Amino acid sequence: MNGLYESFCILFVFPVIVSMGAGGKVTGKHSTAICKFLGDISYPIYITHYPLIYTYTAWVSKNNISMIEGLPYLILILISSIVLAYACLKLYDEPLRKRLTDRFLKRKSI
């Protein structure tokens, strides 16, 4: 049943969610800034949050931590994930993209 559920989500639910987001318009200075920030850190957070989540999950499982006891640490993990993703964006992703763009996509003046 799990395979059928996952197939249904991949084939029907996710495309609907993506189409809803693709047709939306963002207005307002603050909304645009928030959406840009979240879009910029989306890939770095996708890559870097796994070790934090798995460490937290292992800690909760090993120590039988309740939801209330683990909530402050969960919030700390959330904030740490965002900060780590932003640091990776600014210190690695953007400089590397700029260097590769300068090297391969810009014409050299003769």
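This text follows the structure it describes.
In this report, we go over the structure that sits alongside the text.

The rules behind these values
Residues numbered from 1 in each chain as written. Predicted model: local features only at pLDDT ≥ 70, side-chain atom pairs only at ≥ 80, totals over all residues. Heavy atoms only, no water. Helix = DSSP H or I, 4+ residues; strand = E, 2+ residues; numbered from the N terminus. Rg over C-alpha atoms; globule rule 2.2 N^0.38 Å. Areas by Shrake-Rupley, 256 points an atom, 1.4 Å probe, with all protein chains shown as cover. Lys, Arg positive; Asp, Glu negative; His and termini not counted. Charge placed at Lys NZ, Arg CZ, Asp CG, Glu CD. Buried < 20%, exposed > 50% of the residue type's maximum accessible area, 1.4 Å probe, protein only. Contact = heavy atoms within 4.5 Å. Phe/Tyr/Trp six-rings, centres within 6.5 Å; stacked < 30°, edge-to-face > 60°. Axes fitted to C-alpha atoms, helices over the stretch in contact; angles between N-to-C directions. Parallel < 35°, antiparallel > 145°, perpendicular 65-115°, else oblique. Left-handed = near helix turned anticlockwise from the far one by under 90°. Nonpolar A, V, L, I, M, F, W, Y, C, P; charged D, E, K, R; others polar. Bend = angle between axes of the 7 residues up to and from the residue.

### Examining the overall build of the chain
On a plain count of helices and strands, the chain comes out with three helices and zero strands. In the chain, the succession of helices and strands from N to C terminus is α-α-α. A compact globule built from 110 residues should have a C-alpha radius of gyration of about 13 Å, whereas the chain, at 20 Å, is more than 25% larger. C-alpha extents for the chain along the principal axes are approximately 65 × 35 × 35 Å. Total accessible area computed for the chain in this model is approximately 9,600 Å², and 70% of it derives from carbon and sulfur atoms. Placing the 12 positive and 6 negative side-chain charges of the chain at their respective mean positions leaves the two points 13 Å apart.

### Observations concerning the side chain of Ser81
With respect to the helices and strands, Ser81 occurs in helix α3 (residues 67-104). Relative accessible area serves as the criterion here: at 6%, Ser81 is assigned to the buried category. Apart from residues no more than four positions distant in its own chain, Ser81 is found in contact with Ile45, Thr48, His49 and Leu52.

### A word on the packing of aromatic side chains
For the structure on display, the rule yields seven aromatic pairs. Among the aromatic residues, ring-to-ring pairing joins Tyr43, Tyr46, Tyr50 and Tyr54 into one connected group.

### Focus: the packing of helix α2 (residues 29-63) against α3
For the pair α2 and α3, the least separation of the axes is 7 Å and the interaxial angle reads 140 degrees. Between α2 and α3, the angle falls in the class oblique. Judged by the twist between their axes, the crossing of α2 over α3 is right-handed. Considering only residue class, the contact of α2 with α3 consists of 18 nonpolar, five polar and one charged.

### Comments concerning α3
At Leu89, α3 is bent by approximately 40 degrees, the largest bend along its length. Turning to α3, its buried residues number three or more, namely Gly70, Ile77, Ser81, Ala85, Leu89 and Asp93. Looking at the buried positions of α3, the neighbouring elements they touch are α2.

Don't take any of this as a statement about function, it's just geometry.
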